[in-house]
Amino acid sequence: MMHAVLLRLLATVAALAALAGCGGEAAPPADSGIQGLVLIGPMCPVVQEGEPCPDEPFAAAIEVRREEDGELAATVRSGADGRFSVDLAPGSYVLVPLSPNEGAPPFASPVTVRVEPHRFTQVTISYDSGIR
């Protein structure tokens, strides 16, 4: 009798432990998401013909929000080379580039991106440096 009660108690504890591991949201699949490049420009105060002034890679923070409800899905930061990658479930997202100096340049506009199953969507985010 005592043995049966103990077995039931252990089974209940094991079931509760298994359920506790299911409480959060599922991790996004590692085979879909967004890969991108962040650039800033112009970087020259006066652009002259024959003297190129290409945009440069930029390290920036980017909020990834679900398009349907605006809920924050992730925050990602591009590296010094301007590249970033974030694993996401399929769906539509809005990338919101954050300005490092609130209310001052550089600025970048939000970009809407669609993530397809088993694919990484490529995107380029362009910051305006404010140099004229």
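In this report, the structure presented in the accompanying data block is examined. (Residues numbered from 1 in each chain as written. Predicted model: local features only at pLDDT ≥ 70, side-chain atom pairs only at ≥ 80, totals over all residues. Heavy atoms only, no water.)

Structural notes on the sheet that holds strand β6 (residues 91-97)
Cut-off, in case you're wondering: The pairing criterion is simple: DSSP has to find at least two bridges between the two strands. Secondary structure elements are taken from DSSP: a helix is a run of H or I of four residues or more, a strand is a run of E of two residues or more, and numbering for both begins at the N terminus. Every axis corresponds to a line fitted to the C-alpha atoms, with the helix fit spanning only the stretch in contact, and the corresponding angles, defined between N-to-C directions, vary from 0 to 180 degrees.
Spatially, four strands are ordered β4-β3-β6-β7 in an open sheet, and the strand pairing comes out antiparallel. This sheet does not close on itself; its edge strands, each paired only once, are β4 (72-77) and β7 (111-115). Each neighbouring strand pair of the sheet contributes to a mean axis angle of 25°, computed without reference to strand direction. Bridge analysis of β6 against β7 gives five bridges, and the strand direction is antiparallel. Its bridge partner lying in β7, S92 is registered against R114.

Things to note about the nonpolar core
Formally: In this text, buried Ala, Val, Leu, Ile, Met, Phe, Trp, Tyr and Cys residues form a nonpolar core when linked through side-chain atoms within 4.5 Å. For each residue, the accessible area found with a 1.4 Å probe, counting protein chains only, is set against the maximum for its type, and the residue is called buried under 20%, exposed over 50%, and partly exposed in between. Throughout, a contact is declared for two residues whenever any of their heavy atoms are within 4.5 Å.
Grouped together as the largest cluster of nonpolar side chains are 20 residues, with contacts concentrated most on I34, V38, V64, F84, L95, I125 and Y127. If you list the elements that add at least two residues to this core, you get β1 (33-41), β3 (61-66), β4, β5 (83-87), β6, β7 and β8 (120-128). Dropping the residues within four chain positions of it, V38 is found in contact with E56, P57, F58, A60, I62, S78, G82, F84, I125 and Y127.

Section: the pattern of salt bridges
Two side chains carrying opposite charge are able to pair once their charged atoms lie near each other. Selection criterion: Within this document, salt bridges are pairs made up of a side-chain nitrogen of Lys or Arg and a carboxyl oxygen of Asp or Glu, the two lying within 4 Å of each other.
In this structure the tally under the stated criterion is three salt bridges. With a shortest N-O distance of 3.1 Å, R65 and E63 are connected by a salt bridge. With relative accessibility at 26%, the residue R65 sits in the partly exposed group. According to the relative accessible area criterion, E63 is buried, its value standing at 19%. Note that R66 is salt-bridged to E71, the shortest N-O span being 3.3 Å. A relative accessible area of 38% places E71 in the partly exposed class.

A look at the side chain of S129
Definition in use: Under the rule applied, a polar contact is a pair of N or O atoms within 3.5 Å (in protein, one hydrogen donor and one hydrogen acceptor; residues adjacent in sequence only if both atoms are side-chain atoms).
Topologically, S129 is positioned in the segment after β8. Under the relative-accessibility criterion, S129 is labelled buried at 14%. At a separation of 2.4 Å, a polar atom in the side chain of S129 contacts the main-chain carbonyl oxygen of P42. A polar side-chain atom of S129 sits 3.2 Å from the main-chain amide nitrogen of I131. In this structure S129 touches I40, G41, P42, M43, P105 and P106, once residues within four positions along its chain are discounted.

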